[in-house]
Structure formats: C-alpha cells, structure tokens
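# Survey of secondary and tertiary structure
Okay, here's what each chain looks like letter by letter:
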Amino acid sequence: DRWLQSTDFSFDITICSFYTLFVGAVVILLPPEEGKNLFQIKEKVNREKITLVQFGAALFGTMVNEELYPFSSHLRYVLCGGSSLKKETISNWYQ
C-alpha cells in the first residue's frame, strides 16, 4: 500500500501511517504547502498511485462537494476523522 500522510504530525492518527512501514507499505509525505491546495492533493494522490488517504472530515467534505474526485483507480481506502461526516457528503462520495 501507499499511504498519503496529509495530517500534521501532532495529530494522533499520524502514528498509524508510520505503522504501515513495518509491513512494507510506503508513506508519502504531503508538504504543508500542498496540503492547503485541494487540486495539488488530488494530483499527488493520482501521480503517486496512493492506495490509502486520511483526511479530516472538513477537508474530505470540501473535496467531495467541490467534485474534486474521483481519484485514481489505485485509491482503495479513505479514512476520515476529527468530526462527523454529513450524510450528504457520504452519499455524494458513493455516487
């Protein structure tokens, strides 16, 4: 797997991405300046053939609502945290 590390290292979910290194996965670090640009995030996911991403609920919601998906066919898992997702966001993601 290829995990895009998009959250700040001070968040607790960050440690999960580094555990993947123990089983042979690759962690791709997203530079802070790219983490603020939704188009750059999508481009990085597609270019690096990312299979797993973790977004905060607000960022994921913005990406879905702005229709900045679908991502590449390599993406298998999207983890969201920080707050609850709106039902509309989840419905839009699956459409």
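Residues numbered from 1 in each chain as written. Predicted model: local features only at pLDDT ≥ 70, side-chain atom pairs only at ≥ 80, totals over all residues. Heavy atoms only, no water.

Moving on: helix α2 (residues 38-47). All of the buried residues in α2 are Leu38, Ile41, Lys44 and Val45. Down the axis of α2, the buried set is contained in an arc of 125°. They therefore lie on one face. On its buried side, α2 packs onto β1 (2-5), β2 (26-29), β3 (52-56) and α3 (57-65). Taking the backbone nitrogen of Phe39 as reference, a side-chain oxygen 2.9 Å away marks Asn37 as the first, capping residue of α2. (Buried < 20%, exposed > 50% of the residue type's maximum accessible area, 1.4 Å probe, protein only. Helix = DSSP H or I, 4+ residues; strand = E, 2+ residues; numbered from the N terminus. Arc of directions from axis to C-beta. Contact = heavy atoms within 4.5 Å. Polar contact = N/O pair within 3.5 Å; in protein donor to acceptor, adjacent residues only side chain to side chain.)

The N-to-C vectors of α3 and helix α4 (residues 87-94) enclose an angle of 50°; their axes lie 9 Å apart at closest approach. Relative to α4, the element α3 is oriented oblique. For the crossing formed where α3 meets α4, the hand is left-handed. Residue-level inspection shows Phe60, Gly61, Val64 and Asn65 of α3 in contact with α4, the latter providing Thr89, Asn92 and Trp93. Here the contact of α3 with α4 is built from residues that sort into three nonpolar, four polar and no charged. (Axes fitted to C-alpha atoms, helices over the stretch in contact; angles between N-to-C directions. Parallel < 35°, antiparallel > 145°, perpendicular 65-115°, else oblique. Left-handed = near helix turned anticlockwise from the far one by under 90°. Nonpolar A, V, L, I, M, F, W, Y, C, P; charged D, E, K, R; others polar.)

This part takes up the nonpolar core. By size, the foremost hydrophobic cluster in this structure holds 15 residues, and its most contacted members are Leu4, Ile41, Val45, Ile50, Val53, Phe55 and Met63. For this core, the secondary-structure elements that each account for two or more residues are α2, β3 and α3. Excluding residues that lie within four positions of it along the chain, Leu4 makes contacts with Ile28, Leu30, Ile41, Lys44, Val45, Ile50, Leu52, Val53 and Gln54. (Core = buried A, V, L, I, M, F, W, Y, C linked by side-chain atoms within 4.5 Å.)

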